Amino acid sequence: EKLEELWSVVASAWFEEGRRDDDVRLVRLQPASAEVWATASAGKHAAVRALGADHLIDYRTEDFTDHGPFDLILDHAGGAHVLRSLDALRPGGHVTTLLEPAPEAVARAEAAGKSLVRMIVTPDRAGLVSLGELAAEGKLDVLVAQRFALADAAKAHHALESRPIGKIVLTP
């Protein structure tokens, strides 16, 4: 029952065989029991901790691979970072990447008995309606860094250069 409640597009990206995947046991049915490590520059640590991170690594001065092994890693950097993420996994661990992994990374994951999948989320009406319902019910928080009128799209683009925590939103 709890698994059905927590199952999502993100969870399905982690477990290639869906709910029947042997490694679905990695899904923590009590999210409060998960130990979350996050990488961020030191100036963003307070904000990332407020989002729920238990441990923070300043990627400018520390190597996250020194803190493993990890069960799951969500990689949004790609490239050589995926290879380093694979090295930081426990045996049988999972890396989910937002970018297309290089053939070398796929081969290394397979040889090591680790999982490497690319998470691709295609927006669809039903999914967006579901996200809207979750937000309306207070079950989904969207962190908005700044809002800009559509006419100020150039300013919004400039704001992205500061790498804000949260989303930049354009409004009509």
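Refer to the structure above for everything that follows.
Residues numbered from 1 in each chain as written. Predicted model: local features only at pLDDT ≥ 70, side-chain atom pairs only at ≥ 80, totals over all residues. Heavy atoms only, no water.

Right, let's talk about the sheet that holds strand β3 (residues 70-75) for a bit. Judged by pairing direction, the sheet is parallel, and its three strands sit side by side in the order β3-β4-β5 without closing on themselves. Looking at strand neighbours, the two that pair on one side only are β3 and β5 (115-118), the edges of this open sheet. On average, each strand axis in the sheet is inclined to that of its neighbour by 10 degrees, with strand direction left out of account. Both β3 and strand β4 (residues 89-97) contribute to a ladder of five bridges, which runs parallel. Bridge assignment links Asp 75 to a residue of β4, and that residue is Thr 97. Taken strand by strand, helix α4 (residues 80-87) contacts β3, β4 and β5, and its axis lies near 150 degrees from that of β4. (Pairing = 2+ DSSP bridges. Helix = DSSP H or I, 4+ residues; strand = E, 2+ residues; numbered from the N terminus. Axes fitted to C-alpha atoms, helices over the stretch in contact; angles between N-to-C directions. Contact = heavy atoms within 4.5 Å.)

This part is about the pairing of strand β7 (residues 167-171). Two faces make up the sheet, and in a regular strand the side chains alternate between them. Bridge analysis of strand β6 (residues 144-149) against β7 gives five bridges, and the strand direction is parallel. The residue of β7 that forms the bridge with Arg 147 is Val 169. In the classification by handedness, the crossover that spans β6, the intervening helix α7 (residues 153-160) and the parallel β7 is right-handed. (Right-handed = clockwise from strand over helix to strand, strands pointing away.)

For β4, a buried count of seven out of nine residues is recorded, marking the element as mostly surrounded by other parts of the structure. Handedness of the crossover joining β3 and β4 through α4 is recorded here as right-handed. Across four bridges, β4 lies against β5 in parallel orientation. Within β5, the position partnered with Val 95 by the bridge is Leu 116. Crossover connection from β4 via helix α5 (residues 103-112) to parallel β5: handedness right-handed. (Buried < 20%, exposed > 50% of the residue type's maximum accessible area, 1.4 Å probe, protein only.)

By themselves, these observations are geometric and do not establish any function.
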